[in-house]
Amino acid sequence: SEFRRIIFRCEPQFDLAITGLHKPEGVHILPDGNSWIYVADRNNKRIAYFDYWGNFVGEITGLHHPNAVRFNGEIIYTTLWWGHTHLTVLGFDLSGNEVYSATGLNHPKGINFYGDYIVVAERNWDRLTFLDDSANIVFTIPAHKCEGVGVDSPYIFTCLVCSGKVVKYYVN
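Residues numbered from 1 in each chain as written. Predicted model: local features only at pLDDT ≥ 70, side-chain atom pairs only at ≥ 80, totals over all residues. Heavy atoms only, no water.

**Student:** Please explain the pairing of strand β3 (residues 46-50) as it appears in this structure.
**Tutor:** On a regular strand, each side chain points to the face opposite its neighbour's, so the side chains alternate between the two faces of the sheet. The buried count for β3 comes to five of five residues, which makes it a mostly enclosed element. Across the two faces of β3 the burial is the same, with Arg 46, Ala 48 and Phe 50 and Ile 47 and Tyr 49 all buried. Of the strand pairs in this sheet, strand β2 (residues 37-41) and β3 are connected by five bridges, and their pairing is antiparallel. Looking across to β3, one finds that Asp 41 is bridged to Arg 46. The loop that links β2 with its antiparallel partner β3 comprises four residues; one of these, Lys 45, has a positive phi angle of about 55°. As judged from the five bridges shared by β3 and strand β4 (residues 56-61), these two strands associate in the antiparallel manner. Each bridged residue has a counterpart across the sheet, and for Tyr 49 the counterpart in β4 is Gly 58. In textbook terms, the turn of a hairpin is the stretch between consecutive antiparallel strands, and for β3 and β4 this stretch comprises five residues, one of which, Gly 54, has a positive phi near 90°. (Buried < 20%, exposed > 50% of the residue type's maximum accessible area, 1.4 Å probe, protein only. Helix = DSSP H or I, 4+ residues; strand = E, 2+ residues; numbered from the N terminus. Pairing = 2+ DSSP bridges.)

Next comes the structure, spelled out in C-alpha coordinates:
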(Lines give C-alpha, C1' and ligand atoms only; values in the text may rest on other atoms or scores of the structure.)
Protein backbone atom coordinates (compact mmCIF):
# COMPACT_ATOMS: atom_id res chain seq x y z
CA SER A 1 0.00 0.00 0.00
CA GLU A 2 1.16 3.48 -0.84
CA PHE A 3 1.29 6.21 1.71
CA ARG A 4 2.43 9.79 1.30
CA ARG A 5 3.47 12.51 3.68
CA ILE A 6 2.94 16.21 3.38
CA ILE A 7 6.08 18.17 4.18
CA PHE A 8 5.75 21.83 5.07
CA ARG A 9 8.74 24.01 4.35
CA CYS A 10 7.47 26.51 6.89
CA GLU A 11 5.20 26.39 9.90
CA PRO A 12 1.50 26.62 8.90
CA GLN A 13 -0.15 29.50 10.72
CA PHE A 14 -3.59 29.51 12.29
CA ASP A 15 -5.48 32.42 10.75
CA LEU A 16 -9.24 32.26 11.45
CA ALA A 17 -11.79 30.66 13.78
CA ILE A 18 -15.54 30.78 13.26
CA THR A 19 -17.39 29.96 16.49
CA GLY A 20 -21.02 29.32 17.43
CA LEU A 21 -21.32 26.22 15.27
CA HIS A 22 -22.71 22.90 16.52
CA LYS A 23 -21.13 19.88 14.82
CA PRO A 24 -20.07 21.53 11.55
CA GLU A 25 -19.54 18.77 8.98
CA GLY A 26 -18.82 20.52 5.70
CA VAL A 27 -17.16 23.69 4.49
CA HIS A 28 -16.72 25.20 1.05
CA ILE A 29 -15.18 28.33 -0.38
CA LEU A 30 -14.57 29.26 -3.99
CA PRO A 31 -10.83 29.54 -4.73
CA ASP A 32 -10.86 33.23 -5.67
CA GLY A 33 -9.78 34.55 -2.26
CA ASN A 34 -12.80 36.86 -1.95
CA SER A 35 -15.68 34.41 -1.57
CA TRP A 36 -17.92 33.65 1.35
CA ILE A 37 -17.28 30.63 3.54
CA TYR A 38 -20.21 28.16 3.48
CA VAL A 39 -20.60 25.81 6.46
CA ALA A 40 -22.94 22.82 6.88
CA ASP A 41 -23.77 23.42 10.56
CA ARG A 42 -25.37 20.03 11.21
CA ASN A 43 -26.91 20.28 14.67
CA ASN A 44 -27.95 23.92 14.25
CA LYS A 45 -29.85 22.62 11.19
CA ARG A 46 -28.58 25.25 8.80
CA ILE A 47 -26.13 26.32 6.16
CA ALA A 48 -24.36 29.38 7.53
CA TYR A 49 -22.23 31.66 5.41
CA PHE A 50 -19.56 34.08 6.44
CA ASP A 51 -17.42 36.61 4.65
CA TYR A 52 -13.76 35.86 4.01
CA TRP A 53 -12.84 37.28 7.44
CA GLY A 54 -15.35 35.11 9.34
CA ASN A 55 -18.13 37.67 9.84
CA PHE A 56 -21.64 36.21 9.71
CA VAL A 57 -23.45 37.06 6.45
CA GLY A 58 -26.53 34.84 6.42
CA GLU A 59 -28.02 31.39 6.79
CA ILE A 60 -30.49 28.92 5.35
CA THR A 61 -32.37 27.35 8.26
CA GLY A 62 -34.74 24.47 8.89
CA LEU A 63 -32.48 21.83 7.35
CA HIS A 64 -32.29 18.41 8.96
CA HIS A 65 -28.65 17.53 9.54
CA PRO A 66 -26.81 19.06 6.58
CA ASN A 67 -23.44 17.34 6.32
CA ALA A 68 -21.83 18.61 3.13
CA VAL A 69 -22.01 21.90 1.23
CA ARG A 70 -20.88 23.17 -2.18
CA PHE A 71 -21.47 26.44 -4.00
CA ASN A 72 -21.17 26.82 -7.77
CA GLY A 73 -21.42 30.62 -7.85
CA GLU A 74 -25.23 30.57 -8.20
CA ILE A 75 -26.66 27.73 -6.10
CA ILE A 76 -25.72 26.49 -2.62
CA TYR A 77 -26.04 22.68 -2.53
CA THR A 78 -26.18 20.53 0.59
CA THR A 79 -26.69 16.88 1.45
CA LEU A 80 -29.16 15.99 4.17
CA TRP A 81 -29.51 12.75 6.10
CA TRP A 82 -31.30 11.71 9.25
CA GLY A 83 -32.17 8.07 9.45
CA HIS A 84 -34.03 6.51 6.58
CA THR A 85 -36.70 9.19 6.30
CA HIS A 86 -34.95 12.02 4.45
CA LEU A 87 -32.27 11.23 1.93
CA THR A 88 -31.70 14.18 -0.32
CA VAL A 89 -29.62 16.88 -1.96
CA LEU A 90 -31.10 20.37 -1.88
CA GLY A 91 -30.02 23.52 -3.72
CA PHE A 92 -30.81 27.10 -2.72
CA ASP A 93 -30.39 30.40 -4.51
CA LEU A 94 -28.66 33.29 -2.75
CA SER A 95 -32.00 34.45 -1.32
CA GLY A 96 -32.51 31.08 0.41
CA ASN A 97 -35.20 29.80 -1.96
CA GLU A 98 -35.10 26.07 -2.71
CA VAL A 99 -34.35 25.62 -6.42
CA TYR A 100 -33.08 22.02 -6.59
CA SER A 101 -34.13 18.77 -4.96
CA ALA A 102 -32.84 15.25 -5.58
CA THR A 103 -34.53 12.69 -3.34
CA GLY A 104 -34.25 8.94 -2.87
CA LEU A 105 -30.52 8.94 -2.16
CA ASN A 106 -29.14 6.74 0.61
CA HIS A 107 -26.97 8.44 3.24
CA PRO A 108 -25.42 11.16 1.06
CA LYS A 109 -22.08 12.05 2.68
CA GLY A 110 -20.31 14.26 0.17
CA ILE A 111 -21.02 16.53 -2.78
CA ASN A 112 -19.01 18.19 -5.53
CA PHE A 113 -19.25 19.25 -9.16
CA TYR A 114 -17.88 17.45 -12.20
CA GLY A 115 -18.56 19.39 -15.38
CA ASP A 116 -22.34 19.80 -15.59
CA TYR A 117 -22.97 17.06 -13.01
CA ILE A 118 -23.49 17.12 -9.27
CA VAL A 119 -21.59 14.18 -7.76
CA VAL A 120 -22.88 12.70 -4.50
CA ALA A 121 -21.19 10.06 -2.34
CA GLU A 122 -23.97 7.68 -1.27
CA ARG A 123 -22.53 5.79 1.64
CA ASN A 124 -25.27 3.20 2.13
CA TRP A 125 -25.70 2.39 -1.57
CA ASP A 126 -21.94 2.14 -2.05
CA ARG A 127 -21.71 4.46 -5.01
CA LEU A 128 -20.85 7.84 -6.41
CA THR A 129 -23.97 9.20 -8.10
CA PHE A 130 -23.86 11.73 -10.94
CA LEU A 131 -26.97 13.94 -11.10
CA ASP A 132 -27.96 16.36 -13.85
CA ASP A 133 -29.46 19.80 -13.29
CA SER A 134 -32.96 18.24 -13.24
CA ALA A 135 -31.97 15.88 -10.38
CA ASN A 136 -31.95 12.80 -12.60
CA ILE A 137 -29.37 10.08 -12.00
CA VAL A 138 -27.17 10.00 -15.11
CA PHE A 139 -24.72 7.30 -14.03
CA THR A 140 -23.04 5.82 -10.95
CA ILE A 141 -19.63 4.45 -9.97
CA PRO A 142 -19.42 1.64 -7.38
CA ALA A 143 -17.57 2.85 -4.26
CA HIS A 144 -17.94 0.83 -1.05
CA LYS A 145 -18.98 2.97 1.98
CA CYS A 146 -17.82 6.21 0.33
CA GLU A 147 -17.75 9.62 2.01
CA GLY A 148 -16.61 12.90 0.52
CA VAL A 149 -16.02 13.79 -3.13
CA GLY A 150 -12.93 15.44 -4.54
CA VAL A 151 -12.65 16.48 -8.18
CA ASP A 152 -9.60 17.09 -10.33
CA SER A 153 -11.04 16.50 -13.80
CA PRO A 154 -10.93 13.90 -15.30
CA TYR A 155 -10.55 12.26 -11.87
CA ILE A 156 -12.96 11.79 -8.97
CA PHE A 157 -11.63 11.03 -5.48
CA THR A 158 -13.55 9.59 -2.53
CA CYS A 159 -12.83 8.05 0.87
CA LEU A 160 -13.74 4.40 1.39
CA VAL A 161 -14.21 4.70 5.13
CA CYS A 162 -14.46 1.00 6.00
CA SER A 163 -11.25 0.08 4.20
CA GLY A 164 -9.25 3.16 5.22
CA LYS A 165 -8.51 4.26 1.64
CA VAL A 166 -8.81 7.27 -0.59
CA VAL A 167 -9.44 6.11 -4.15
CA LYS A 168 -9.24 7.86 -7.51
CA TYR A 169 -11.50 7.08 -10.48
CA TYR A 170 -10.93 8.14 -14.07
CA VAL A 171 -14.15 9.50 -15.59
CA ASN A 172 -14.25 10.04 -19.32
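Still to come is the rest of the account.
**Student:** Is there a simple way to explain a nonpolar patch on the surface in this structure?
**Tutor:** Among the surface-exposed residues, Ile 29, Tyr 52 and Trp 53 lie close enough to one another that they form a single nonpolar patch of about 340 Å² accessible area. Judged by its relative accessible area of 63%, Trp 53 is exposed. (Patch = residues over 30% accessible without salt bridge, like charges linked within 9 Å, V, L, I, M, F, W, Y side chains within 5 Å. Areas by Shrake-Rupley, 256 points an atom, 1.4 Å probe, with all protein chains shown as cover. Salt bridge = Lys/Arg side-chain N within 4 Å of Asp/Glu carboxyl O.)

**Student:** What is the right way to look at unusual backbone geometry in this model?
**Tutor:** Following Ser 153, the chain continues to Pro 154 via a peptide bond in cis, the omega torsion being 15°. By secondary structure assignment, the location of Pro 154 is in the loop between β13 (146-152) and β14 (155-160). Phi at Lys 23 is positive, roughly 60°, even though this residue is not glycine. Position of Lys 23 relative to the elements: it lies in the segment before β1 (24-28). At His 65, a residue that is not glycine, the phi angle is positive and equals roughly 55°.

**Student:** How should I be thinking about the sheet that holds β4 in this particular structure?
**Tutor:** An order of β1-β2-β3-β4 is seen for the four strands of this open sheet, with the pairing classed as antiparallel. Edge strands, defined here as strands with exactly one partner in the open sheet, are β1 and β4. The mean inter-strand angle of the sheet, taken between neighbouring strand axes irrespective of direction, is 20°. (Axes fitted to C-alpha atoms, helices over the stretch in contact; angles between N-to-C directions.)

Everything listed here is a matter of geometry and, on its own, says nothing about what the molecule does.
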